[in-house]
Amino acid sequence: MVSTNDVLDRHLKSFGRQDLDGIQSDYEASAVLFTPEGPIKGVAAIKVFFQALLAEFGKPGATFSLNHQSVEGDYGYIHWTAETADNRYELGTDTFVVRDGRIAVQSFAGKITAKQ
């Protein structure tokens, strides 16, 4: 059985490799990603969200630092910071609900400052 920690580790490694297919494979077909702009429903819509995010993080000079990761059963939480050519992510947090080795629900919040 794949643990929540295994799913989060795989998810973060896929993000670091800019592996959109790997990221997408982490989600249940009916997964929901809650963002400050509203929920993103279904793996196809989540793919579009990550396409934009990977385009931003794929620019030269982007950094990502995982500051904390906690897992309790089916629930996971990460706290991170990052910087891209476009934005400064002074605080990023994601919370995950993992069922049967896939992300069923995720929430994202962050303090993001656009660079000028």
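Scroll up to find the structure.
What counts and what doesn't
- Residues numbered from 1 in each chain as written.
- Predicted model: local features only at pLDDT ≥ 70, side-chain atom pairs only at ≥ 80, totals over all residues.
- Heavy atoms only, no water.
- Helix = DSSP H or I, 4+ residues; strand = E, 2+ residues; numbered from the N terminus.
- Rg over C-alpha atoms; globule rule 2.2 N^0.38 Å.
- Buried < 20%, exposed > 50% of the residue type's maximum accessible area, 1.4 Å probe, protein only.
- Contact = heavy atoms within 4.5 Å.
- Areas by Shrake-Rupley, 256 points an atom, 1.4 Å probe, with all protein chains shown as cover.
- Lys, Arg positive; Asp, Glu negative; His and termini not counted.
- Charge placed at Lys NZ, Arg CZ, Asp CG, Glu CD.
- Pairing = 2+ DSSP bridges.
- Expected span 1.5 Å × (residues − 1).
- Arc of directions from axis to C-beta.
- Polar contact = N/O pair within 3.5 Å; in protein donor to acceptor, adjacent residues only side chain to side chain.

Colleague: Explain the overall build of the chain to me, please; I cannot follow it from the model alone.
Modeller: If you tally the helices and strands in the chain, you get 3 helices and 6 strands. Here the C-alpha radius of gyration of the chain, 14 Å, is about what a compact globule of 116 residues would show, namely 13 Å. Along the three orthogonal principal directions, the C-alpha set of the chain runs to about 45 × 30 × 25 Å. Residues counted as buried form 35% of the 116 residues belonging to the chain. Sequence-distant contacts in the chain: of pairs separated by 6 or more residues, those separated by 24 or more amount to 45%. Of the roughly 6,400 Å² of accessible surface on the chain, a fraction of 53% belongs to carbon and sulfur atoms. Counting 11 positive and 15 negative side-chain charges, the chain places the averaged centre of each group 4 Å from the other.

Colleague: Is there a simple way to think about the pairing of strand S3 (residues 63-72) in this case?
Modeller: The pairing of S3 with strand S4 (residues 75-83) spans 9 bridges and is antiparallel. Each residue of the ladder has a partner; that of Glu72, found in S4, is Tyr75.

Colleague: Looking at this structure, I do not really get unusual backbone geometry. What am I missing?
Modeller: Backbone geometry follows two general trends: most residues other than glycine have a negative phi, and most peptide bonds adopt the trans configuration. In this structure, Gln18 takes a positive phi of about 60 degrees despite not being glycine. Residue Gln18 is classed as partly exposed on the basis of its relative accessible area, which comes to 34%. You will see that Asp100, though not glycine, has its phi angle at about 50 degrees, which is positive. Structurally, Asp100 can be placed in the loop between strand S5 (87-99) and strand S6 (102-114). You can call Asp100 exposed: its relative accessible area is 77%.

Colleague: Help me out: how do you make sense of the environment of Gln24 in this one?
Modeller: Relative to the helices and strands, Gln24 is located in helix H2 (residues 20-25). Relative accessible area serves as the criterion here: at 22%, Gln24 is assigned to the partly exposed category. In this structure the C-alpha to C-alpha distance between Gln24 and Thr113, which are 89 residues apart in sequence, comes to 27 Å. For Gln24, the residues in contact, after removing those within four places along its chain, are Val43 and Lys47.

Colleague: What should I look at first to understand helix H1 (residues 4-16) in this one?
Modeller: Working note: α-helix, 3.6 residues per turn, so residues spaced by three or four point in the same direction. Here H1 is 13 residues long and its end C-alpha atoms lie 18 Å apart, about the 18 Å a rise of 1.5 Å per residue gives. For H1, the full list of buried residues reads Thr4, Val7, Leu8, His11, Ser14 and Phe15. The arc enclosing the buried residues of H1, seen along the axis, measures out at 130 degrees, which places them on a common side. In H1, the exposed positions angled more than 90 degrees off the buried face are occupied by Lys13 and Gly16. Remark: Gln18 follows H1 within two positions and exhibits a positive phi of approximately 60 degrees.

Colleague: Even after reading the chapter, I still don't get the side chain of Thr35, so can you show me in this structure?
Modeller: By secondary structure assignment, the location of Thr35 is in strand S1 (residues 27-35). Here Gly38 takes part through its backbone oxygen, which lies 2.7 Å from a polar atom of the side chain of Thr35.

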